[in-house]
Amino acid sequence: MKTLTLSLFLTLPFAALAAEELPAPVKQIEKQGIEIIKPFDAPGGLRGWLGRYQGMGVAVYLTPDGKQAISGYMYDEDGNNLSEKLFQDELYTPEGRKMWERLLKTPAIKEGRADAPRTLVVFADPFCPYCKKFWQMAQPWVSAGKVQLRTLLVGVIKPESGRYAAAILSATNPADAWQRYEASSGKTLPPFPASTKKAVWDDIQLNQKLMDELGANATPAIYYLNEKRELQQVVGLPDDEQLKAMLGEP
């Protein structure tokens, strides 16, 4: 599993500091394209500013005389990377939680109890064999009420993927249609509608946009919060260790 650093989807706006509030050396670093987000108290009496560049965290430190600024990592005497901890605590984890809330608000095919102790969001393509395999692997946890699966259908594998996704989402009961489709290894598909509602295509396009923002380039793309409420990503069929981490004990 991977704790997302959000390098590809750290796009939510911050209230950036006004330029006049920054010391001159920090302004010079800002001119290099680094977005300065907020100040922080750095160890050793230094003043620091949290920033980002191309989605990645940046730490800027001001020398005591206020005439120089340094951009880079700070380590303590035990070799701990204090800057990375700053990025994780102040950028990546909060933004991951915001993204998780966006995922939970996105229309999805829901399987399992709404009050299940664990929730997984899965981007899946109707023609993805690993999506079918993962769906089968997760069913014992779903049936036991331990996990809720929220599936967001996309069309990325074949030209027909979008049409199949639209047929499933257009069914009277999309969750039942998806379950039948996956359980039959793609042999049981609801009838293709004579015309697909715009709202259905909008949902599929939204799913694709979210998947792109998350930096996933294959299906299944699986997301969940770990015990620290950090957004986790697993792309492809999870191994036994990943499966246990996301689903818990059988």
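Everything quoted here is computed from the prediction, not taken from an experiment. (Residues numbered from 1 in each chain as written. Predicted model: local features only at pLDDT ≥ 70, side-chain atom pairs only at ≥ 80, totals over all residues. Heavy atoms only, no water.)

**Observations concerning the sheet that holds strand 3 (residues 47-53)**
Inference 1: Strands sit in the order 2-3-4-5 across an open sheet of 4 strands; the sheet is antiparallel. Two strands lie at the open edges of the sheet, namely strand 2 (35-41) and strand 5 (69-71), each paired on one side alone. The mean inter-strand angle of the sheet, taken between neighbouring strand axes irrespective of direction, is 30°.
Inference 2: Note that strand 4 (residues 56-62) and strand 5 share 3 bridges and pair antiparallel. The partner of Y61 across the bridge, within strand 5, is I70. (Pairing = 2+ DSSP bridges. Helix = DSSP H or I, 4+ residues; strand = E, 2+ residues; numbered from the N terminus. Axes fitted to C-alpha atoms, helices over the stretch in contact; angles between N-to-C directions.)

**Regarding the packing of helix 3 (residues 129-143) against helix 5 (residues 174-183)**
Inference 1: At a minimum axis distance of 10 Å, the contact between helix 3 and helix 5 shows a crossing angle of 105°. When the interaxial angle is binned, helix 3 and helix 5 end up roughly perpendicular. Within the contact between the two elements, helix 3 uses C131, K132, W135 and Q136 and helix 5 uses W178, Q179, Y181, E182 and A183. (Parallel < 35°, antiparallel > 145°, perpendicular 65-115°, else oblique. Contact = heavy atoms within 4.5 Å.)

**Description of the nonpolar core**
Inference 1: Of all hydrophobic cores here, the largest spans 31 residues; its most connected members are L120, F134, L149, W178, M246 and L247.
Inference 2: For this core, the elements supplying multiple residues, two or more each, are strand 7 (118-124), helix 3, strand 8 (147-153), helix 4 (161-170), helix 5, helix 6 (198-213), strand 9 (221-225) and helix 7 (240-247).
Inference 3: Of the residues forming this core, the biggest block, 7 residues, is contributed by helix 3.
Inference 4: Beyond its immediate stretch of four places on either side in the chain, F134 contacts L120, V122, L149, P220, I222, L237, P238, L243 and M246.
Inference 5: In terms of nonpolar packing, the next biggest core, distinct from the first, is built from 14 residues, L103, V154, M211 and A216 among them. (Core = buried A, V, L, I, M, F, W, Y, C linked by side-chain atoms within 4.5 Å. Buried < 20%, exposed > 50% of the residue type's maximum accessible area, 1.4 Å probe, protein only.)

**Considerations on helix 6**
Inference 1: Given a rise of 1.5 Å per residue, 16 residues ought to cover 22 Å, and the 22 Å separating the end C-alpha atoms of helix 6 matches this to within 8%.
Inference 2: Those residues of helix 6 not exposed but buried are V200, I204, N207, L210, M211 and E213.
Inference 3: If you follow the buried residues of helix 6, they end up packed against helix 2 (82-105), strand 7, strand 8 and helix 4.
Inference 4: Just downstream of helix 6 lies G215, where phi reads positive at about 80°. (Expected span 1.5 Å × (residues − 1).)

**A few points about the pairing of strand 2**
Inference 1: In this structure, strand 2 lies alongside strand 3, joined through 6 bridges in antiparallel fashion. From the neighbouring strand, K38 faces strand 3, where its bridge partner is L50.
Inference 2: What sits between strand 2 and strand 3 in their antiparallel hairpin is a turn of 5 residues, with G44 showing a positive phi close to 75°.

**Re the packing of aromatic side chains**
Inference 1: Applying the stated criterion across every chain yields a total of 8 aromatic pairs.
Inference 2: Of the aromatic side chains, those joined through ring pairs into one cluster are F127, Y164, W178, Y181 and F192.
Inference 3: Its end group placed over the ring of F192, R163 keeps NZ or CZ at 3.7 Å from the ring centre. (Phe/Tyr/Trp six-rings, centres within 6.5 Å; stacked < 30°, edge-to-face > 60°. Lys NZ or Arg CZ within 6 Å of the ring centre and 35° of its normal.)

**Quick notes on the confidence of the model for the chain**
Inference 1: On average, residues of the chain carry a pLDDT of 90, and 92% of them reach 70 or more.
Inference 2: Below pLDDT 50 for its whole length, residues 5-16 participates in 37 contacts with residues either more than four positions away or in separate chains. (pLDDT = per-residue confidence, 0-100.)

**Some details on the pattern of salt bridges**
Inference 1: Evaluated as defined, the whole model comprises 11 salt bridges.
Inference 2: In this structure, K244 engages E249 in a salt bridge whose closest nitrogen and oxygen atoms are separated by 3.3 Å. (Salt bridge = Lys/Arg side-chain N within 4 Å of Asp/Glu carboxyl O.)

**Quick notes on the environment of A42**
Inference 1: As for its position among the elements, A42 is in the loop between strand 2 and strand 3.
Inference 2: Using a relative accessible area of 10% as the deciding quantity, one classes A42 as buried.
Inference 3: Along the backbone, A42 and C128 are 86 residues apart, and their C-alpha atoms lie at a distance of 48 Å.
Inference 4: Here A42 is in contact with R47, G48 and Y61, once residues within four sequence places are set aside.

**Side note on the pairing of strand 4**
The two faces of the sheet receive side chains in turn, since in a regular strand these alternate between them.
Inference 1: Strand 4 sits mainly inside the fold: 6 of its 7 residues count as buried.
Inference 2: Note that strand 3 and strand 4 share 7 bridges and pair antiparallel. Paired with R52 across the two strands is G57, which belongs to strand 4.
Inference 3: Hairpin connection from strand 4 to strand 5: 6 residues lie between these consecutive antiparallel strands, with G66 at a positive phi of about 75°.

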